[in-house]
Amino acid sequence: MDKDRKLEWLARSGYAARGIVYVLIAGMASLSTLGGGKPDSKSALQIVLGQPFGQIWLGVIGMGLIGFILWRVAQSILNTDRHSNNAKGYLVRAGLLVSAATYTGLAFYAVGRALHLGFGAGSSGGRESWTAWLMQQPFGRYLVAGVGLAIIGAGCAQAAKGIKRGYLRYFESGFEQRTVLNGICTYGLLARGIIFLIIGGFFVYAAFTVDSNQAGGLADALAWVRRLPFGAILYGLAAIGLFAFGLYGLIEAWYRIVQPPSMDRPLRAMRSVVN
């Protein structure tokens, strides 16, 4: 198997693994209305661990997430999606690198739990601890606010990608004719974008109050939605949206165009510098 084929398998397995995680989170969100567990990524993976052959399945998901991380790095560093060499292109590629970093902890958690390694037994207090650490740094509250604004920006981009169907540029020709699948993709991206807006708002509020405990994650965002007027309905729509985003990941694993790295531009740039 050549390098390009290996990279394609990394990408497709990564999208599928991320999709499975979100499908499980959506299931956790539905169960939480009946007194189930907390709807977050690690709790969702715990469900897998409790099933027959759970360690094997969790290890497969963990390896898939590692593939997703490597693919995100390739997208960012090697520009496999052929983004323009301008401010917008560099910003998108920076976001892809941040995406790789955010999934690193979850991938290690999955592999660690599957293999009973110490680094996989991490608690759920990671977000609070690093937010508290960030708050203690010089200009810490502004750094936390910056994180919040970045998450809000990512949420807006995700929602716009769904509404404008910007994902189609990366999908196989003719996919736009698949009405049902496009509806799933649009709704999933829009729902995840809105949830990102809420999470980003938590971080901005934490910076405003100088209280790291106010920073929230996915489970906190869903809990906040449930407390709104007509919260039960909105919560249900959010859970369906997370399920749709999980399906979007599986759809992406099947239909996305995975291009090999283009080394032509970097080589030309290097030659121009040398000359």
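Keep in mind that what you see is a predicted model, and the values were worked out from it rather than measured.

What counts, and where the lines are drawn
Residues numbered from 1 in each chain as written. Predicted model: local features only at pLDDT ≥ 70, side-chain atom pairs only at ≥ 80, totals over all residues. Heavy atoms only, no water. Helix = DSSP H or I, 4+ residues; strand = E, 2+ residues; numbered from the N terminus. Buried < 20%, exposed > 50% of the residue type's maximum accessible area, 1.4 Å probe, protein only. Contact = heavy atoms within 4.5 Å. Areas by Shrake-Rupley, 256 points an atom, 1.4 Å probe, with all protein chains shown as cover. Axes fitted to C-alpha atoms, helices over the stretch in contact; angles between N-to-C directions. Nonpolar A, V, L, I, M, F, W, Y, C, P; charged D, E, K, R; others polar. Salt bridge = Lys/Arg side-chain N within 4 Å of Asp/Glu carboxyl O. Core = buried A, V, L, I, M, F, W, Y, C linked by side-chain atoms within 4.5 Å. Expected span 1.5 Å × (residues − 1). Bend = angle between axes of the 7 residues up to and from the residue. Polar contact = N/O pair within 3.5 Å; in protein donor to acceptor, adjacent residues only side chain to side chain.

What is the right way to look at the overall build of the protein chain in this model?
The number of helices and strands found in the protein chain is ten helices and zero strands. Going from N to C terminus, the protein chain has its helices and strands arranged as α-α-α-α-α-α-α-α-α-α. Looking at the protein chain as a whole, 42% of its 275 residues qualify as buried. Long-range pairs, those at least 24 residues apart, make up 70% of the contacts in the protein chain between residues at least 6 apart in sequence. As displayed, the protein chain has an accessible area near 14,700 Å², and 67% of this comes from carbon and sulfur atoms.

Please clarify how the packing of helix 8 (residues 218–226) against helix 9 (residues 231–255) should be interpreted in this entry.
Between two packed helices, the angle of one axis relative to the other and the distance separating the axes together describe the packing. Running from N to C, helix 8 and helix 9 point in directions that differ by 145 degrees, and their axes come no closer than 7 Å. Between helix 8, through L218, L222, V225 and R226, and helix 9, the contact on the second element is made entirely by G231, A232, L234, Y235, A238 and L242. Among the residues making up the contact of helix 8 with helix 9, the classes are represented as eight nonpolar, one polar and one charged.

Which parts of the structure should I look at to understand the pattern of salt bridges?
For side chains of opposite charge, pairing can occur when their charged atoms come near one another. If you walk through the whole model with that rule in mind, you get five salt bridges. In this structure, R5 engages E8 in a salt bridge whose closest nitrogen and oxygen atoms are separated by 3.0 Å. Linking R5 with E8, this pair stays in helix 1 (residues 3–32), spanning three residues, or about one helical turn. Judged by relative accessible area, which is 39%, R5 ranks as partly exposed. Put simply, R256 and D81 hold a salt bridge, and the shortest N to O gap is 3.3 Å. Here R256 is found in the loop between helix 9 and helix 10 (264–274), whereas its partner D81 is found in the loop between helix 3 (54–77) and helix 4 (87–114), with 175 residues between them in sequence. Here R256 falls in the buried class, since its relative accessible area comes to 4%.

Sorry, what's going on with the nonpolar core here?
Within the largest apolar cluster, 61 residues are counted, with the highest numbers of intra-cluster contacts made by L45, L65, F171, L222 and L242. When residues of this core are assigned to their parent elements, the largest contribution, twelve residues, is made by helix 1. When residues no more than four places from it in sequence are discounted, the contact partners of L65 are A17, R18, V21, Y103, L106 and A107.

Explain helix 4 to me, please; I cannot follow it from the model alone.
In this model helix 4 runs 41 Å from its N-terminal to its C-terminal C-alpha over 28 residues, within 8% of the 40 Å that 1.5 Å per residue would give. Of all the bends in helix 4, the largest measures some 30 degrees and sits at T104. Where helix 4 starts, the residue carrying a side-chain oxygen 3.3 Å from the main-chain nitrogen of K88 turns out to be N86. Looking at the residues trailing helix 4, positive phi occurs at H116, about 55 degrees.

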